[in-house]
Amino acid sequence: MTDDIAKSLPLSTREAVEKAVSAAVTRAGAEYEIVEIRYTKEYGKLNVTVFVWKAEDEITLDDCEKVHNEVSDALDALDDLFDDDYILNVSSSGLDRPVVSDDDFRRALGTEIEVTADKEKFHGTLKSYDTDSFTIVTGDKNPKDKTVLRNNKTKVQPYIRF
């Protein structure tokens, strides 16, 4: 069983973790970017999971290990950060991670995304976005721009070809 416990941690703890993780990821390499830091309780243990993204290539196991070592050292340097022991995980953001925030849209520019909006499902290449909408290019033979509103009823995720 997994419970998201971020809100139960003191704000000062979350801020200290974010600052330490950010500096550690930067030390690991300029090509890495933090997507999310997630706090969960699994089998009675606190798990801190750092999701990372890399601009040029897919995240490899070696990348995760490199970032993990830097983050682990950074968190270990903070005395009494958590009440109990914790488990640190470093992972890629995942192939099917939803595209929600401005940073997600920025990372997805020029890639194929799948959109579900108004009971319609389609895919295309993300061309541009702003705070209210985004535009994708649909169709292979006759490409067309399609602008879609960003709202809580629109689901966007990377398009995965099989």
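Residues numbered from 1 in each chain as written. Predicted model: local features only at pLDDT ≥ 70, side-chain atom pairs only at ≥ 80, totals over all residues. Heavy atoms only, no water.

Participant: Explain the confidence of the model for the chain residue by residue, including any values.
Facilitator: When pLDDT drops low, the exact placement of atoms in the prediction is not to be read closely. Across the chain, the average pLDDT comes to 90, with 98% of residues at or above 70. Per-residue pLDDT, averaged within each element of the chain, yields its smallest value for strand β1 (residues 2-4) (62) and its largest for helix α2 (residues 61-76) (95). (pLDDT = per-residue confidence, 0-100. Helix = DSSP H or I, 4+ residues; strand = E, 2+ residues; numbered from the N terminus.)

Participant: Can you explain the nonpolar core? Please cite residues and give values.
Facilitator: Core analysis: the largest hydrophobic core is formed by 26 residues, its most contacted members being Val 17, Val 21, Tyr 39, Val 67, Val 71 and Leu 75. Looking at this core, the elements with two or more residues in it are α1 (11-28), β2 (32-42), β3 (45-54), α2 and β4 (86-92). The biggest single contributor to this core is α1, with 6 residues. Not counting chain neighbours up to four residues away, the residues in contact with Leu 75 comprise Val 17, Ala 20, Val 21, Leu 81, Tyr 86 and Leu 88. One finds Phe 105, Val 115, Ala 117 and Phe 122 within the second-largest nonpolar core, a separate group that totals 12 residues. (Core = buried A, V, L, I, M, F, W, Y, C linked by side-chain atoms within 4.5 Å. Buried < 20%, exposed > 50% of the residue type's maximum accessible area, 1.4 Å probe, protein only. Contact = heavy atoms within 4.5 Å.)

Participant: Tell me about α2, residues and numbers included.
Facilitator: Here α2 contains 16 residues, and its C-alpha end-to-end distance of 22 Å stays within 8% of the 22 Å for a straight helix at 1.5 Å per residue. Within the sequence span of α2, burial applies to Asp 63, Cys 64, Val 67, Val 71, Ser 72, Ala 74 and Leu 75. Down the axis of α2, the sector holding all buried residues measures 160 degrees, keeping them to one side. With respect to the buried face of α2, the exposed residues turned more than 90 degrees away are Leu 61, Asp 62, Asp 73 and Asp 76. (Expected span 1.5 Å × (residues − 1). Arc of directions from axis to C-beta.)

Participant: Please provide a residue-by-residue account of unusual backbone geometry, values included.
Facilitator: The phi dihedral of Asp 118 is positive, around 50 degrees, even though this residue is not glycine. One can find Asp 118 in the loop between β5 (112-117) and β6 (120-129). Taking the relative accessible area as the measure of exposure, Asp 118 reaches 74% and is therefore exposed. A positive phi angle, near 60 degrees, is found at Lys 119, a position not held by glycine. In this fold, Lys 119 is placed in the loop between β5 and β6. A relative accessible area of 89% means that Lys 119 is categorised as exposed.

Participant: Go over the packing of α1 against α2, please, and point to the residues and values.
Facilitator: With their axes 8 Å apart at the nearest point, α1 and α2 run at an angle of 140 degrees to one another. When the axis of α1 is compared with that of α2, the two are oblique. For the crossing formed where α1 meets α2, the hand is right-handed. Between α1, through Val 17, Ala 20, Val 21, Ala 24, Val 25, Arg 27 and Ala 28, and α2, the contact on the second element is made entirely by Lys 66, Val 67, Glu 70, Val 71, Ala 74 and Leu 75. The residue inventory of the contact of α1 with α2, partitioned by class, reads 10 nonpolar, no polar and 3 charged. (Axes fitted to C-alpha atoms, helices over the stretch in contact; angles between N-to-C directions. Parallel < 35°, antiparallel > 145°, perpendicular 65-115°, else oblique. Left-handed = near helix turned anticlockwise from the far one by under 90°. Nonpolar A, V, L, I, M, F, W, Y, C, P; charged D, E, K, R; others polar.)

Participant: Residues and numbers for the environment of Lys 146, please.
Facilitator: The residue Lys 146 is located in strand β8 (residues 144-149) in this model. Using a relative accessible area of 27% as the deciding quantity, one classes Lys 146 as partly exposed. Considered as a pair, Lys 146 and Val 35 are 111 residues apart in the sequence and their alpha carbons are 27 Å apart. Leave out the neighbours within four places in its chain, and Lys 146 touches Glu 120, Phe 122, Phe 134, Thr 135, Ile 136 and Thr 138.

Participant: Give me the lowdown on the environment of Asp 83, citing residues and values where you can.
Facilitator: For Asp 83, the location among the structural elements is in the loop between α2 and β4. Residue classification places Asp 83 among the exposed positions, given a relative accessible area of 81%. Considering only alpha carbons, one finds Asp 83 and Lys 7, 76 residues apart in sequence, at a separation of 15 Å.

Participant: Please provide a residue-by-residue account of the pattern of salt bridges, values included.
Facilitator: Applying the stated criterion to the full structure yields 12 salt bridges. Notably, a salt bridge pairs Arg 97 with Glu 36, separated by 3.0 Å at the nearest N-O pair. Highlighted residues: Arg 97 in the loop between β4 and α3 (102-108) and Glu 36 in strand β2, separated in sequence by 61 residues. Here Arg 150 ties to Asp 102 by a salt bridge, and the two come within 2.8 Å at their closest N and O atoms. Of the two residues, Arg 150 sits in the loop between β8 and β9 (155-158) while Asp 102 sits in helix α3, which places them 48 residues apart along the sequence. You can call Asp 102 partly exposed: its relative accessible area is 36%. (Salt bridge = Lys/Arg side-chain N within 4 Å of Asp/Glu carboxyl O.)

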